[in-house]
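# A closer look at the structure
Okay, here's what each chain looks like letter by letter:
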Amino acid sequence: MISFDSFIAQDGVPIYLQIVKHIKSGIVSGTVVNGDEVPSRRVLSALLGVNPNTIQKAYKMLEDEGLMESHSGAKSYMCFDDTTVAFVRKQLLESDATAIISSLKQMGLSKEEALALIETHWE
């Protein structure tokens, strides 16, 4: 079963998007694998203290992206292959890189300064 023990909600980002990102991050890191059971909407809503409709919205997004399968009255499972993992990895990296670059630009750093900063922290 997918764990939400390390999930920490952040202000300013819709919770359903945070749930989707948490699961996608798990897929990329290998902590969520094909066939893993997904907590029920009621269980996860109680665990996170949010409306079940919020969980439904997150799960619907995962289903629409082909990462999860749900059946009425039955358990839901993760469903993806290696190609999908590569796509999700690229998607998350591009999203994070865009956010970091935007922040660096807002702080007035040049491309060279930004690259130097990355180089310093890479090691």
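Here is a short report on the structure shown in this document. This is a predicted model, so every value here is computed, not measured.

Moving on to the packing of helix α1 (residues 15-29) against helix α4 (residues 82-106). At their nearest, the axes of α1 and α4 sit 9 Å apart, and the two run at 120° to each other. Considering their axes alone, α1 and α4 lie oblique with respect to each other. Crossing of α1 against α4: the hand is left-handed. Every residue of α4 that contacts α1 at K21, K24, S25, I27 and V28 is listed here: V85, V88, R89, Q91, L92 and D96.

Moving on: helix α5 (residues 111-122). Here α5 spans 16 Å end to end across 12 residues, near enough to the 16 Å set by a 1.5 Å rise per residue. Along α5, only 1 of the 12 residues are buried, which leaves the element largely exposed.

Reported here for the largest pocket is a volume of approximately 350 Å³. As for the largest pocket, its lining consists of 16 residues, and the residues nearest its centre are L17, Q18, V20, K21 and H22. Of all elements in the fold, only α1 and α4 reach the threshold of two or more residues within the lining of the largest pocket. The residue makeup of the lining of the largest pocket, split by class, is 6 nonpolar, 7 polar and 3 charged. Size it by volume and the second largest pocket reaches roughly 220 Å³. Lining the second largest pocket are 13 residues, and of these I101, L104, A114, L115 and I118 sit closest to its centre. Taken together, the elements giving at least two residues each to the lining of the second largest pocket come down to α4 and α5. Considering each element in turn, the lining of the second largest pocket owes the most residues, 7 residues, to α4. For the lining of the second largest pocket, the per-class residue count stands at 9 nonpolar, 1 polar and 3 charged.

Applying the stated criterion across every chain yields a total of 6 salt bridges. Notably, a salt bridge pairs K21 with D96, separated by 2.8 Å at the nearest N-O pair. Taken together, the positions of K21 in helix α1 and D96 in helix α4 put the pair 75 residues apart, joining distant regions of the chain. Across the pair K24 and E65 runs a salt bridge, and its minimum N-O distance is 2.7 Å. Here E65 lies in the loop between α3 (52-64) and β2 (68-69) and K24 lies in helix α1, a separation of 41 residues in the sequence.

Cut-offs and rules
- Residues numbered from 1 in each chain as written.
- Predicted model: local features only at pLDDT ≥ 70, side-chain atom pairs only at ≥ 80, totals over all residues.
- Heavy atoms only, no water.
- Axes fitted to C-alpha atoms, helices over the stretch in contact; angles between N-to-C directions.
- Helix = DSSP H or I, 4+ residues; strand = E, 2+ residues; numbered from the N terminus.
- Parallel < 35°, antiparallel > 145°, perpendicular 65-115°, else oblique.
- Left-handed = near helix turned anticlockwise from the far one by under 90°.
- Contact = heavy atoms within 4.5 Å.
- Expected span 1.5 Å × (residues − 1).
- Buried < 20%, exposed > 50% of the residue type's maximum accessible area, 1.4 Å probe, protein only.
- 1 Å grid on protein atoms, 1.4 Å probe; cavity = no way out; pocket = protein on both sides within 12 Å on 5 of 7 lines; lining within 4 Å.
- Points joined across faces, edges and corners; volume = space filled by probe spheres on them.
- Nonpolar A, V, L, I, M, F, W, Y, C, P; charged D, E, K, R; others polar.
- Salt bridge = Lys/Arg side-chain N within 4 Å of Asp/Glu carboxyl O.

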